[in-house]
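Examining the three-dimensional arrangement
If you want the building blocks of each chain, they are given just below.
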Amino acid sequence: MLDLAPELAPAMIKLGGAAALAFAAIGSALGTGTAGMAGIGAWKKCYLQGKPAPFILLVFIGAPLSQTIYGLLLLLSFNKMALADTAAVMWPAVLGAGIIGGIAMGMSAWFQGKAGAAGSDAMAETGQGFGNYLTTLGIVETVALFVMIFIQMALK
């Protein structure tokens, strides 16, 4: 069994929340950076071809930011858990869930950015398919939503 001074348990739970936020934010940075680079390339293509550059590509670029919000929601939820009477026995599960959950949400954001990059390129090239591309981003986003919700359910 993991022995920890009872007064440190809330700190370990809060560390799990901070990890969830940090890993989700890392994924958001990777995703928005990837989609942003592709969006800039797509706009450049449009300018070179004398076509109007679609402003709507910002949707693809910004989509991965929401996973940072999910990380924040876990952090806030974990902060409440840190105040509970069960903190002394729950801290390993909450810390682990924060780390693993944050990584999972971060991966969702990163790959959402990759999908957004492909959508930007396709949209600039064809001017069509925005709904299909956006739906794809929504499906990838669902992974992060499921992780956030299922972690909160598991730790109740």
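Residues numbered from 1 in each chain as written. Predicted model: local features only at pLDDT ≥ 70, side-chain atom pairs only at ≥ 80, totals over all residues. Heavy atoms only, no water.

On the surface, Phe23, Ile26, Leu30, Ile99, Ile100, Ile103, Met107 and Phe111 cluster together into a nonpolar patch covering about 690 Å² of accessible area. Mapped by element, the contributors of at least two residues to the nonpolar patch are α1 (9-49) and α4 (87-126). Examined against the element boundaries, Ile100 turns out to sit in helix α4. (Patch = residues over 30% accessible without salt bridge, like charges linked within 9 Å, V, L, I, M, F, W, Y side chains within 5 Å. Areas by Shrake-Rupley, 256 points an atom, 1.4 Å probe, with all protein chains shown as cover. Salt bridge = Lys/Arg side-chain N within 4 Å of Asp/Glu carboxyl O. Helix = DSSP H or I, 4+ residues; strand = E, 2+ residues; numbered from the N terminus.)

Here we come to the pattern of salt bridges. Applying the stated rule across the entire model yields two salt bridges. Salt-bridge contacts for Asp121 lead to Lys45; the nearest nitrogen and oxygen are separated by 2.4 Å. Of the two residues, Asp121 sits in helix α4 while Lys45 sits in helix α1, which places them 76 residues apart along the sequence. Close ionic contact of Lys45 with Glu125 constitutes a salt bridge, the shortest N to O distance being 3.4 Å. Remark: Glu125 occurs in helix α4 and Lys45 occurs in helix α1; sequence separation between them is 80 residues. With relative accessibility at 28%, the residue Lys45 sits in the partly exposed group. (Buried < 20%, exposed > 50% of the residue type's maximum accessible area, 1.4 Å probe, protein only.)

With 20 residues, the main nonpolar core has Ile13, Leu74, Phe78, Met105, Ile151 and Leu155 as its most contacted residues. Mapped by element, the contributors of at least two residues to this core are α1, α3 (66-82), α4 and α5 (130-154). Ranked by the residues each element gives to this core, the list is headed by α4, at six residues. When neighbours within four sequence positions are excluded, Ile13 is seen to be in contact with Phe78, Met81, Ala82, Ala87, Trp91 and Val94. Counting residues in hydrophobic clusters, the runner-up holds eleven residues, among them Ala42, Cys46, Phe60 and Met123. (Core = buried A, V, L, I, M, F, W, Y, C linked by side-chain atoms within 4.5 Å. Contact = heavy atoms within 4.5 Å.)

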